[in-house]
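Structural description and commentary
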Amino acid sequence: MAYVLHPTGNKGGGDPSHAVIQLKPDGTYVLLIGAMDLGQGAPTILRQVAADALGVPIEKILVSNYDNLLPLSVSTSGSRVTLIDPHAVVNAAEDLKRQIREWFAQQHEANPEDVEIEGETVYVRGDRERTVMTMEQVAMGAAWGGGYEPASLIGRGAWQPGKYHAHDPETGEMPNVGAISFGAALAEVEVDTETGTVDVLRFAQVWEVGKAINPLLVRQQINGGYCIGAGFALTESCYPYFPSVEYAPEKMGDYFMPTFEDYPQQMIFGIEEVPHPNGVQGAKGFSEGSASGPPPAIASAIHDAIGVWITEFPITPEVILRALEAKQAGVES
Amino acid sequence: MTQYVGQAMPRYGGIGQVTGTTKYVDDIVLPGMLYAKCLRSPVHKGIVRKLDLSAAEAVPGVVGTLTAADIPGQNLYGFSGDQPVLNNEHLRYKGEPIAAVVAVDEDTCMEALEKVKLEIEEQEPVFDMLEAIKPGAPIVRPGTTHNLLEFFPGVTTRILKLGDVEQGFAEADYVFEDRFVHNVQDHAPIEPHVSVAYWDAADQLVIHTVSQMPYFHLRYLQPIFNLPLSRIRYVGGVIGGAFGAKNDIHADHIAGLAALKFRKPVKYRWTKREDLSYSTKRGAWVFEYKTGIKKDGRITARHIKQWHDTGAYGALSVYAVEKCGMFAAGAYHIPNILVESQIIFTNKPIASSMRGFGVINGQTCVEVHMNKIAEAIGMDPWELRFINAWRDGDQGVTRYTVQGAGGLEAMKKLAELTGVQLPDHLMAMSSRRR
Amino acid sequence: MREVLYYAPTELTEATAILADHRDKAAVLAGGTDLLPKLNYYEVKPHALLYIGRLGLSSIHNGSSALTIGATTTTADLATHHLVQQYAPALAQAARLSGSVAIQNAATIGGNIANASPAADLVVALLALDASVRLLSHSGQRDVHLADFFLGPHLTILQPDELITQIHVPLSPGKTEFLKLGRRKGQTLAVVSVAVRLQLDGDLCHDARIVLGSMAPTPLRCRTAEHLLRGQKITTDLIHQAATQAIAESSPITDQRATAWYRKKAGEALVQRALLQALDKKEVRP
């Protein structure tokens, strides 16, 4: 087995994301955010967060994350987006709602605090019948003016997990960590002692992610992380006979990433949730960590199978055969 | 109130990706678009003695070439600020870009590259980081006297420490040591590095990028192009896989420079072979672990030494190594920790970020190390972890405080899902208290 | 810009005439799974591409003494065709284990032979089945035993004006097996592959074929090892001896996939397994 961690957010904090939510003249929303989608689904989860924060149907929200006309997000790296960007989105949604309340109060000569936003319905508390408007009417009124005062209803939000402090030059002290996620993994392998081939029969991986904003994407991350971790553990090497740099793979056919056929017959996924104080609804990122469980779990399962600890990665069939020969020689001598 | 958070919703935009309608950067074709290809170093280490591009420029269809002299701003970029965009002096790794050819199509670029007259004084390279730190080893960076990265002037070892490891080892009943070697891994995303650049009607340089960190990369590109941020429009967001590879600029600088010089749209894309051979990697790593432990399984001290091979340039290795060091002792309550890290230059392609960003390397070591220790002291590996696992309020090596810990909960869930029966005294444990 | 002539004739005479015209400046295109990467990486620069997919060469027929397989029959068809499964199960197995589904759907048997990779999966099985190839040119045709076809890695006796049109697989009795060891399960090239065929006469081995892939400059028939088995009672000991001998006949190289040391070590185990597993297989009867 293996028990691993993964830190969320870039090292030392000071790692902001910004978000903007525009209310369009027809009552739909555009979420502008700098988070890049590498396939992991940043726009998917941020749209979920925005829909909850605005209390509107998710179909009303378009996410745009296409260029630097959009607000800054430091990066899609360091498993940071799930911890940080939701805060920016929630802050932008709150800012937008504040602006809507102010505009609405102005139109109805009321106090902004008395303006109630119930999803797509806006009214002045205690005077609902007279004042009630749909969000579409609000959006149209603010955008086109006419009989209303015009207003740019654009919410803005930013957040970072604490200020950045560099490492202390003497002790390395760096007290700020956004959040840490935890994983646990268990591998069952079969080792062919004549060819050195390792077959991972079953693999289980659980991640404690604070709050799974989208459990489907969490599961897919665990699944994808397995591939990188198993490749690191067993097959992938840019220098198969290092320190010789000859035979460096040039083609995908010579660089052995696991294929679907190499996946275990059984993959067991688990999600655990211990809400994190720094996360929106407790959510924290973990995705890179899903590659960390497989190498130690597989290496330890190989030891369990053949009685040899191998501490050099990747554990190729040749490494296994040579380790078995050394073990044999050791037993004989 | 929560309606959407927590739901297993399908990917936003996923339909386009699975039906092939999503437009990736390489799908962009613009009228009059030119193509660029780089002349790459054929040697692992050497000095460029002659670079004559005239025959390449004479090939029909070639619009021109790019060399260091065409760069309006600085010929350096990267997280460590030490990578030349185009290097026509001291070559540090095989595949390092020397110059670029810009032509009407890639076939013509390739034909032109074959005509470049390049003379290089080849030098002895060094590939093994542990050889590179021995006296007399070939020097990777010209003008220096050793191959160690300096964290600060004169400081080649980064120290992270908590408590006093020597005292911790003195308190231990047993001490265990292990050594780990990790080879080089490539990200190998399906989409190789690609960029399309052009001037738009507003006299902005528009770059279609596959960057994972556009704002960071703008900070590198701006001084190369010598343009204000307001005049660069960096369009990204659709990426065919990255896994950390696209935390480094591989194509935008070349496409942008070509668009600047020739005032036409330019596409620059790497082949899969270039990508596998010459792009950034997860670098090689060597670790030594030493752990002191009591008979009852409590860890008293952990001393870790790590040596990281950054290849020819620094890139994000400092970050990866420090991040690795911050978590390499594992998610365990250990009162005394010392992590000593060195980063070594070699004549290999550049090591930089890759999914896991150093952390995976440390976690791999510590967990194999823990299983070996469990075997050696005759303790169940689950129990060893439950005893030592972080609880809320525990401190890591750089004095960060653990909040919202969930390691025990993750392990209990794993046991439940895999049919592992854990004894009651372990099941009773919680990350909320020790 | 590269300009390449493209021909897609529907008549064999037309195809051979084009080849005769262009000689070694033409490249024959079928499934393209080997040729296209070479074109894309400028490893070959033909003046003309001759597409042979419209020549009606994608068929599998059962003759009185041999299966006749058209040169552009795809690997996927080989893997699933009932005649191949019935009479040449080792070939079907080799087809099933080669490349990915996408490659199997495009790659052809003629291409696998013409490419002359030492690792060619189909060729290893075909050699164990004593297959021959029919070569056609504008001036005539000839049949060549596959065992005489290869000269080295990517080198064959095929003349620039010749086209592989058919593969003949004799209907001979025997128990066969094809095994392949790659660096992963899916989409893998052979680190070592082996095809065996045992013709048994009661307890005795009447005849044997042992063929290794990725263990020599060409797919290799291990004739001395075969000879060890011929006329002998098959025992576990004898199988071990034959496997050791087969490896002694091989001359593998170190490449990205494995070292020569590993290939010999794992290859020996693979030959033993193939022989043992063949004994348990249903006998193919013509």
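Note that this is a predicted model, so its numbers are computed, not measured. (Residues numbered from 1 in each chain as written. Chains lettered and ligands numbered in written order. Predicted model: local features only at pLDDT ≥ 70, side-chain atom pairs only at ≥ 80, totals over all residues. Heavy atoms only, no water.)

**As for the overall build of chain A**
A count of helices and strands for chain A gives seven helices and 12 strands. Against the 2.2 N^0.38 benchmark of 20 Å for 333 residues, chain A shows a C-alpha radius of gyration of 26 Å, more extended than a compact globule. By principal-axis analysis of the C-alpha atoms, chain A measures approximately 95 × 50 × 40 Å. Taken across its 333 residues, chain A has 63% of its residues classed as buried. (Helix = DSSP H or I, 4+ residues; strand = E, 2+ residues; numbered from the N terminus. Rg over C-alpha atoms; globule rule 2.2 N^0.38 Å. Buried < 20%, exposed > 50% of the residue type's maximum accessible area, 1.4 Å probe, protein only.)

**Observations concerning the packing of aromatic side chains**
Centre distance and the angle of the planes are the two values used to describe a pair of aromatic rings. Going through the model one piece at a time under the given rule, you end up with 23 aromatic pairs over all chains. Taken together, a centroid distance of 5.2 Å and an interplanar angle of 40° make the contact between phenylalanine 327 of chain B and tyrosine 400 of chain B tilted. A residue pair is termed long-range when its members are at least 10 positions apart, and phenylalanine 327 of chain B in helix α9 (residues 317-327) and tyrosine 400 of chain B in the loop between α11 (381-388) and α12 (407-418) qualify at 73 residues. Side by side, phenylalanine 327 of chain B and tyrosine 400 of chain B carry an identical accessibility label, which is buried. With a centroid separation of 5.2 Å and an interplanar angle of 90°, the aromatic rings of phenylalanine 149 of chain C and phenylalanine 150 of chain C are classed as edge-to-face. Following the ring pairs from residue to residue traces out a cluster consisting of Phe79, Phe216, Tyr220, Tyr319 and Phe357 of chain B. (Phe/Tyr/Trp six-rings, centres within 6.5 Å; stacked < 30°, edge-to-face > 60°.)

**Some points on the interface of chain B and chain A**
In this assembly, 104 residues from chain B lie in contact with 116 residues from chain A. In total, about 9,100 Å² of surface goes out of reach between chain B and chain A, with carbon and sulfur atoms giving 64% of it. Area buried by chain B at its contact with chain A is led by Tyr12, Tyr215 and Arg355 of chain B, which between them contribute 10% of it. Where chain B touches chain A, the interface holds four salt bridges. One salt bridge connects arginine 233 of chain B with aspartate 67 of chain A, and the closest N-O pair in it is separated by 2.3 Å. The tally of links between chain B and chain A comes to 50 residue pairs in polar contact (both at pLDDT 80 or more). (Contact = heavy atoms within 4.5 Å. Buried area = accessible area lost by both parts, 1.4 Å probe. Salt bridge = Lys/Arg side-chain N within 4 Å of Asp/Glu carboxyl O. Polar contact = N/O pair within 3.5 Å; in protein donor to acceptor, adjacent residues only side chain to side chain.)

**Examining the packing of helix α5 (residues 89-96) of chain C against helix α8 (residues 121-128) of chain C**
Packed helix pairs are specified by the crossing angle of their axes together with the interaxial distance, meaning the distance between the axes. All names here are of chain C. Interaxial distance between α5 and α8 falls to 8 Å at its minimum, and their mutual angle equals 170°. Judged on the interaxial angle alone, α8 and α5 are roughly antiparallel. Contact residues: α5 offers Ala90, Leu91, Ala94 and Ala95, while α8 offers Asp121, Leu122, Ala125 and Leu126. Each residue belonging to the contact of α5 with α8 can be placed in one class, and the counts come to seven nonpolar, no polar and one charged. (Axes fitted to C-alpha atoms, helices over the stretch in contact; angles between N-to-C directions. Parallel < 35°, antiparallel > 145°, perpendicular 65-115°, else oblique. Nonpolar A, V, L, I, M, F, W, Y, C, P; charged D, E, K, R; others polar.)

**Some words on empty space enclosed by the protein**
Residues and elements named next belong to chain B. Under the definition given, this model contains nine cavities of 30 Å³ or more. Reported here for the largest cavity is a volume of approximately 210 Å³. Every residue lining the largest cavity is counted, 22 residues in all, and those nearest its centre are Tyr77, Gln83, Tyr93, Ile249 and Ile350. Here the residues of the lining of the largest cavity are counted per class, giving 14 nonpolar, six polar and two charged. The volume enclosed by the second largest cavity comes to roughly 70 Å³. Lining the second largest cavity we find 13 residues, and of these Thr209, Val210, Asp248, His250 and Asp252 sit closest to its centre. In the lining of the second largest cavity, the residues fall into five nonpolar, five polar and three charged. (1 Å grid on protein atoms, 1.4 Å probe; cavity = no way out; pocket = protein on both sides within 12 Å on 5 of 7 lines; lining within 4 Å. Points joined across faces, edges and corners; volume = space filled by probe spheres on them.)

**Overview of unusual backbone geometry**
Negative phi values dominate among residues other than glycine, just as trans dominates among peptide bonds. The omega angle of the peptide bond from phenylalanine 242 of chain A to proline 243 of chain A is 15°, so this bond is cis rather than trans. Within the element layout of this structure, proline 243 of chain A appears in the loop between α5 (215-235) and β11 (266-272). Proline 314 of chain A follows phenylalanine 313 of chain A through a cis peptide bond whose omega is 0°. Tracing the backbone through its elements, the reader meets proline 314 of chain A in the loop between β12 (312-313) and α7 (317-332). Of note in this structure, alanine 116 of chain C is not a glycine but carries a positive phi near 55°. Along the chain, the position of alanine 116 of chain C falls in the loop between α7 (109-115) and α8.

**Considering the domain arrangement of chain C**
Residues and elements named next belong to chain C. When the domains of chain C are assigned, the result is domain 1 (5-51), domain 2 (60-170) and domain 3 (175-279). In total, about 1,800 Å² of surface goes out of reach between domain 2 and domain 3, with carbon and sulfur atoms giving 65% of it. Ranking the residues of domain 2 by area buried against domain 3 places Pro118, Val124 and Ala128 at the top, with a combined share of 28%. Scanning the region where domain 2 abuts domain 3 turns up four salt bridges. A salt bridge links arginine 209 to aspartate 130, with the nearest nitrogen and oxygen atoms 2.7 Å apart. At the junction of domain 2 and domain 3, the tally comes to six residue pairs in polar contact (both at pLDDT 80 or more). (Domains from an automatic or database assignment.)

**Observations concerning the domain arrangement of chain A**
Residue and element names in this part refer to chain A. What the domain assignment lists for chain A is domain 1 (17-157) and domain 2 (179-332). Between domain 1 and domain 2, the residue contacts involve 15 residues of the former and 15 residues of the latter. At the boundary of domain 1 with domain 2, total buried surface from both sides reaches about 1,100 Å², with 61% on carbon and sulfur atoms. Per-residue buried area on domain 1 facing domain 2 is highest for Ser79, Thr82 and Leu83; these three make up 43% of the total on that side. Our count for the domain 1 to domain 2 interface comes out at zero salt bridges.

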